[in-house]
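# Fold and geometry: a report
The primary structure of each chain is shown beneath.
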Amino acid sequence: MPGIVALFVIAEPVAAEKVGNVDVDWLGNDIVIEAFADPEVEGVTCHVAYFERGLIDRLQKGNWFEDPSNSSIACRQTGPIAIGDIDRSDEGESIFSERRSIIWKSLSVKRIFDDENQTLIYVAHAREVQNGSAKMSISTVPLFQK
């Protein structure tokens, strides 16, 4: 189509740092804990915990590429808060995503701004091509104004 220019902006993914690893059984299954800073809200850090299946468990059960959708999130103020240009719609915006299977599933974190209550809401959930999961976790960070 002449005269039409398409501009694609690919947001750089937020890098998470692995800060903990809890062995839960002898099959190599672990609970992994990662930390990441909100890219648009200075002073907020989120910690996400998720279940990671081990090699023995994958071989034993035969469902090699399957990972559970369970996750947990906690976000806290870790410094002075400075809000950048954030999406203020009720859909919010995705601030973190990490693949949890080769093709179909990822762990996502969305930020939603509750303007009336001056609170940031963070929702961790599994994102799948189909058969979305109802498993989610939520954390809030109040914005106290003086």
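Keep in mind the model is a prediction, meaning the values are calculated, not measured.

### Some thoughts on the overall build of the protein chain
Counting its secondary structure elements, the protein chain contains 1 helix and 8 strands. Scanning the protein chain from its N terminus toward the C terminus, one meets helices and strands in the order β-β-β-α-β-β-β-β-β. Only carbon and sulfur atoms are counted for the fraction: they give 55% of the accessible area of the protein chain, which is about 9,700 Å².

### Side note on the state of the cysteines
Counting across every chain of the model gives 1 disulfide. Across the disulfide, Cys46 is cross-linked to Cys75 (sulfur-sulfur distance 2.1 Å). Taking the sign of the S-S torsion, about 110 degrees here, the bridge from Cys46 to Cys75 comes out right-handed. Taken together, the positions of Cys46 in strand β3 (residues 41–52) and Cys75 in strand β4 (residues 71–83) put the pair 29 residues apart, joining distant regions of the chain. Both residues of the pair, Cys46 and Cys75, count as buried.

### Focus on the packing of aromatic side chains
Scanning the entire structure with this criterion turns up 1 aromatic pair. With centroids separated by 4.4 Å and ring planes inclined at 10 degrees, the aromatic side chains of Phe36 and Phe96 adopt a geometry described as stacked. In this pair, Phe36 is assigned in strand β2 (residues 30–37) and Phe96 in strand β5 (residues 93–99), connecting sequence segments 60 residues apart. Assessed through its relative accessible area of 3%, Phe96 is described here as buried. A cation over a ring is seen here: Arg88 above Phe113, with NZ or CZ 4.6 Å from the ring centre.

### Some points on the side chain of Arg111
In this fold, Arg111 is placed in strand β6 (residues 105–114). Looking at Arg111, its side chain comes within polar contact range of the side chain of Asp38, at 2.7 Å. In terms of polar contacts, Arg111 uses its side chain to reach the side chain of Glu93, at 2.7 Å.

### Considering the side chain of Ser108
Tracing the sequence through the fold places Ser108 in strand β6. Exposure remark for Ser108: the relative accessible area of 4% places this residue in the buried category. Residues within four places of Ser108 in sequence aside, it is in contact with Phe96, Ser97, Val123, Ala124, His125 and Arg127.

### Considerations on the sheet that holds strand β1 (residues 17–23)
Ordered by their spatial adjacency, 4 strands build an open sheet running β1-β2-β3-β4, and the pairing between neighbours is antiparallel. The open sheet has two edge strands, β1 and β4, and neither has a second partner. Between one strand and the next, the sheet's axes are offset by a mean angle of 15 degrees, whatever the strand orientation. Pairing between β2 and β3: 8 bridges, direction antiparallel.

About the thresholds
- Residues numbered from 1 in each chain as written.
- Predicted model: local features only at pLDDT ≥ 70, side-chain atom pairs only at ≥ 80, totals over all residues.
- Heavy atoms only, no water.
- Helix = DSSP H or I, 4+ residues; strand = E, 2+ residues; numbered from the N terminus.
- Areas by Shrake-Rupley, 256 points an atom, 1.4 Å probe, with all protein chains shown as cover.
- Disulfide = S-S within 2.5 Å.
- Buried < 20%, exposed > 50% of the residue type's maximum accessible area, 1.4 Å probe, protein only.
- Phe/Tyr/Trp six-rings, centres within 6.5 Å; stacked < 30°, edge-to-face > 60°.
- Lys NZ or Arg CZ within 6 Å of the ring centre and 35° of its normal.
- Polar contact = N/O pair within 3.5 Å; in protein donor to acceptor, adjacent residues only side chain to side chain.
- Contact = heavy atoms within 4.5 Å.
- Pairing = 2+ DSSP bridges.
- Axes fitted to C-alpha atoms, helices over the stretch in contact; angles between N-to-C directions.

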